[in-house]
Each structure stands twice: as structure tokens, then as C-alpha cells.
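So you can see what is in the structure, the chains are spelled out below.
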Amino acid sequence: MKKNTKLIAATIVAMGLLTSPVVSAKEIVIKFSHVTTEATPKGKGAMLFKKLVDERLAGKVRVEVYPSSQLYGDKAVLKALLLGDVQLAAPSLSKFSKYTKKWALFDLPFLFKNPQALNCFTDSPKGQALLGAAERKGIKGLGYWLNGMKQISANTPLIVPEDAKGLKFRIMSSDVLKAQFEAVDANPQKMAFSEVYNALATGVIDGQENTWSNIRSKKFFEVQKDTTISNHGVLEYALVTNKRFWNSLPTDIRMQLDQIIKEVTTEVTQFALDAAVKDMKTVADSGKTNIHTLTASQKQQWVTAMKPVWSQFEDQVGKDNIAAVQQCNAQN
Ligand code: SIN
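All values reported here derive from a predicted model rather than from experimental measurement.

**Section: the overall build of the chain**
Reasoning step 1: Looking only at helices and strands, one finds 13 helices and 9 strands in the chain.
Reasoning step 2: Reported as C-alpha extents along the three principal axes, the dimensions of the chain are approximately 90 × 45 × 30 Å.
Reasoning step 3: Taken over 332 residues, the chain has a buried fraction of 51%.
Reasoning step 4: Taking as baseline every contact in the chain between residues at least 6 positions apart, the subset at least 24 positions apart corresponds to 75%.
Reasoning step 5: Separation of charge centres in the chain, based on 43 positive and 31 negative side chains, amounts to 7 Å.

Printed below as a string of C-alpha cells:
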């Protein structure tokens, strides 16, 4: 009887092995969770990363990509990363205040002149040193991924700062962004990316700020009558992993993944630069939102109203980092 039970158990185990997918015991699984659609710079970057890993590390590493907040929103994903439930994420640098206060640099209004100045800074020694700012908390920065310059929208034209007075704007979870909107007497509301469309559609909030890529892919322009080309801030991502997980990888695999990330990062920059042009055109051609271009003097009024925010945060983000960005601005 006992012998029979053992035999049956062994047969079940053997059948299970035969019917389950062939997975080598050593295969490393990298779950990459993010919040944008696949047709965005980050979404394309994640898929390209998967493709290159499939090509170069088949049988050794498998990548699973979960876009559009399918698995986690940005707040939960960092907790999941630290718990080992996902291995890669790429939230906006605006969303890391629990892990480092330094990345708030990227939220300072009108700090970066253009995406080229942003890339110049992130490639610089200061930018590369800053990438390690969350390591003390177990989060390792593997690279910066570009999205682009942010634009501002509402259901009323936003031409001068007074136009924003009293309006509720959705912001990412950043105290700099809160201060930025308070500087124009608006009412900032921290909110998850996945909730923004409904909040705009139902009037829970009046406006938002984001890049052309996100305004287009999340259809914000369909529920905002007016969009201003403000280029007042940047959206940049940190591609991050769990430091302990990354250090536990076999050296040769880690080196190959680092190389793949380097190549993908270059491509993401191009995806982002292309998207900024193409998505702005799509939004403008839709006719669903009026696009407003500011005169130099109107733009200067926004700068004058928002720039005092810098002094509130310069000790936190480092005056030396601000100076390094300004050097990049001068070169681009
Ligand atoms: C993203 O591009 O990852 C989302 C940014 C946001 O929350 O606005």
C-alpha cells in the first residue's frame, strides 16, 4: 500500500514536469512593471529591453513586461521592488521622495532649457553620481530614461499665471510640484497616473501637466479644452532595480544586462524626441483641445512666478547640481 502511494506520487511529479513549460532551474526572471502604454518612450524601451534579453540571454534570463499599471502603480511598484516581487521599474524621478530627496532637482520649474540640456546633465559626472542617490534605501539606479518637456492644460486658456489661480491641478507625488502650483495660487492634488483621465473627465480636477507623449497616449487632450505649450518642466525616469537582487546576479549576466540597458537607453532618448514632435502634432490635429503658444513676455511671467520655488529646495537638491544644469543649458 505504502509502496503504491509512493509510486503514484512519483508518477504525478513526473507528469507535472512533462506538462509544465520547460524552464531551466537557473533561469532568472525579471518582471518589469510600469504605468504607461506600450506606445510611449518608456513602453517601447521596456519591450526593446525584453527583445534584446531574449536574443542574447535566452534560457538564462527571461523578461516579463507589465505596462499600463497592470501589475502595480508607481507608489506600490517601489515597495514591490524592495520586496523582490518585481525586478525592474522606471517611475518618474518625481515619485521617489520617500527614497531620496535629491531627485527633486528634476522637478524645479524652468530649470532645464530643453531635452538636450537634460541629457547633457544626466550624462555628466554630477548626473551619474546623482543616479546612486537612492542606493542607501536599497534602490539602485541603472539609467535615466527620457520622456520630455511637460505642458500644462485645463478647460480654460492658461496664458499668464493668474489664469491658473484657484484651479485644481493633478500633480505627481512631489513637494516641488506642489510648491510650483502654489506659487501661482493654484490648488495641486497628488494623484496616481492611472486616475488622471477620469478625474479630468468628471471635473474632480481642472487641469494637469504632462508630456505630449502622456497627454496623447492617456487621451488627456480629449477632456481638456486648452493646452499651453509651456515647456515648464521635465519628465525623466529612473530605471531602477533592487540593489540586493542586482548584486546577486552572476557577473557575466549583470555585465550583459548593463550593456543592453546602455543600448536601450540610447534608443529611448530617440523614441522620446520623436514622440514629442509626433504626439504634439496628433494632439493639435485632433482639434479637441486649443493649443496656445506663449509670447516671450507671457512665458517670462510664468518663470517669474514659479522660479522662487528653487530657493525652497536648493539645499535639498544641491546648489552644485543646479549650477551643473545651468552649464548644460548654456551649451544647448
Ligand atoms: C509616467 O510617464 O510614467 C507617468 C507620469 C505621471 O504620473 O504623470
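So much for the structure itself; the text now carries on.
**Quick notes on the pattern of salt bridges**
Reasoning step 1: Evaluation of the coordinates by the stated rule reveals 16 salt bridges.
Reasoning step 2: Ionic pairing is found between Glu 27 and Arg 62, a salt bridge with its closest N-O pair at 3.2 Å. One end of the pair, Glu 27, is in the loop between helix H1 (2-19) and strand E1 (28-33); the other, Arg 62, is in strand E2 (residues 61-66), and 35 residues separate them in sequence.
Reasoning step 3: Residue classification places Glu 27 among the buried positions, given a relative accessible area of 18%.

**Some thoughts on the state of the cysteines**
Reasoning step 1: Within the structure shown, the criterion is met by 1 disulfide.
Reasoning step 2: Here Cys 120 engages in a disulfide with Cys 328; their sulfurs sit 2.1 Å apart. Between Cys 120 and Cys 328 the sulfur-sulfur dihedral comes to about -70°; the bridge is accordingly left-handed. You can see Cys 120 sitting in helix H4 (residues 115-123) and its partner Cys 328 sitting in helix H13 (residues 319-331), a full 208 residues away along the chain.

**Focus on H13**
Reasoning step 1: Helix length check: H13, at 13 residues, gives a terminal C-alpha distance of 19 Å against a target of 18 Å (1.5 Å per residue), a fit within 8%.
Reasoning step 2: Buried positions along H13 lie against H4, helix H5 (125-130) and helix H12 (309-317).

**Describing the site of the ligand**
Reasoning step 1: For the ligand, the full set of nearby residues is Val 35, Thr 36, Lys 42, Lys 95, Arg 170, Met 172, Phe 193, Asn 210, Asn 214, Leu 235 and Tyr 237.
Reasoning step 2: Within the side chain of Lys 95, one N or O atom sits 2.6 Å away from an oxygen atom of the ligand.
Reasoning step 3: Side-chain polar atom of Tyr 237 to an oxygen atom of the ligand: 2.5 Å apart, as the coordinates give it.
Reasoning step 4: About the coverage of the ligand: the protein hides 100% of its 260 Å² of free accessible area.
Reasoning step 5: When grouped by side-chain class, the residues that make up the shell around the ligand number 5 nonpolar, 3 polar and 3 charged.

**Quick notes on the packing of aromatic side chains**
Reasoning step 1: Throughout the structure, instances matching the rule amount to 10 aromatic pairs.
Reasoning step 2: Relative to Trp 103, the ring of Phe 96 has its centre 4.8 Å away and its plane inclined at 80°; by these criteria the two rings are edge-to-face.
Reasoning step 3: Exposure remark for Phe 96: the relative accessible area of 0% places this residue in the buried category.
Reasoning step 4: We classify Trp 103 as buried; its relative accessible area is 0%.
Reasoning step 5: Members of the aromatic cluster, each reached through a chain of ring pairs, are Phe 106, Phe 112, Phe 121 and Tyr 144.
Reasoning step 6: Positioned above the aromatic ring of Phe 271 is the side chain of Lys 44, whose terminal nitrogen or guanidinium carbon lies 5.4 Å from the ring centre.

**Digging into the nonpolar core**
Reasoning step 1: Ranked by size, the top nonpolar core spans 45 residues in total, and within it Ile 30, Phe 32, Phe 49, Leu 257 and Trp 302 carry the most contacts.
Reasoning step 2: Counting residues per element, this core draws most heavily on helix H10 (residues 251-286), at 6 residues.
Reasoning step 3: Not counting the four nearest positions on each side in its chain, Phe 49 is found in contact with Ile 30, Phe 32, Val 63, Leu 88, Leu 257, Ile 260, Ile 261 and Val 264.
Reasoning step 4: Formed by 41 residues, the second largest nonpolar core is a distinct cluster that contains Leu 78, Phe 112, Leu 118 and Ala 238.

**Remarks on the packing of helix H2 (residues 41-56) against H10**
Reasoning step 1: H10 packs onto H2 with a crossing angle of 150° between their chain directions and a minimal axis gap of 9 Å. By the angle between their axes, H2 is roughly antiparallel relative to H10. Both H2 and H10 take part in a crossing whose hand is right-handed. Contacts from Pro 41, Lys 44, Gly 45, Leu 48, Phe 49, Leu 52, Val 53 and Arg 56 of H2 reach H10 at Gln 256, Leu 257, Gln 259, Ile 260, Ile 261, Glu 263, Val 264, Glu 267, Val 268, Phe 271, Ala 272 and Ala 275.
Reasoning step 2: By residue class, the composition of the contact of H2 with H10 is 13 nonpolar, 3 polar and 4 charged.

**Thoughts on the environment of Lys 126**
Reasoning step 1: The topology assignment puts Lys 126 in helix H5.
Reasoning step 2: Taking the C-alpha atoms as reference, Lys 126 lies 31 Å from Asp 279; in sequence the two are 153 residues apart.
Reasoning step 3: Setting aside residues no more than four positions away along its own chain, Lys 126 makes contact with Phe 121, Asp 320, Asn 321 and Ala 324.

**Section: the environment of Pro 41**
Reasoning step 1: Within the secondary structure, Pro 41 is located in helix H2.
Reasoning step 2: On the basis of relative accessibility, which here comes to 1%, the residue Pro 41 falls in the buried class.
Reasoning step 3: Residues Pro 41 and Ala 276 lie 235 residues apart in sequence; the distance between their C-alpha atoms is 9.7 Å.

What counts and how
Residues numbered from 1 in each chain as written. Predicted model: local features only at pLDDT ≥ 70, side-chain atom pairs only at ≥ 80, totals over all residues. Heavy atoms only, no water. Helix = DSSP H or I, 4+ residues; strand = E, 2+ residues; numbered from the N terminus. Buried < 20%, exposed > 50% of the residue type's maximum accessible area, 1.4 Å probe, protein only. Contact = heavy atoms within 4.5 Å. Lys, Arg positive; Asp, Glu negative; His and termini not counted. Charge placed at Lys NZ, Arg CZ, Asp CG, Glu CD. Salt bridge = Lys/Arg side-chain N within 4 Å of Asp/Glu carboxyl O. Disulfide = S-S within 2.5 Å. Expected span 1.5 Å × (residues − 1). Near = heavy atom within 4 Å. Polar contact = N/O pair within 3.5 Å; in protein donor to acceptor, adjacent residues only side chain to side chain. Areas by Shrake-Rupley, 256 points an atom, 1.4 Å probe, with all protein chains shown as cover. Nonpolar A, V, L, I, M, F, W, Y, C, P; charged D, E, K, R; others polar. Phe/Tyr/Trp six-rings, centres within 6.5 Å; stacked < 30°, edge-to-face > 60°. Lys NZ or Arg CZ within 6 Å of the ring centre and 35° of its normal. Core = buried A, V, L, I, M, F, W, Y, C linked by side-chain atoms within 4.5 Å. Axes fitted to C-alpha atoms, helices over the stretch in contact; angles between N-to-C directions. Parallel < 35°, antiparallel > 145°, perpendicular 65-115°, else oblique. Left-handed = near helix turned anticlockwise from the far one by under 90°.

From the geometry alone we can't say anything about function, so treat these as descriptive.
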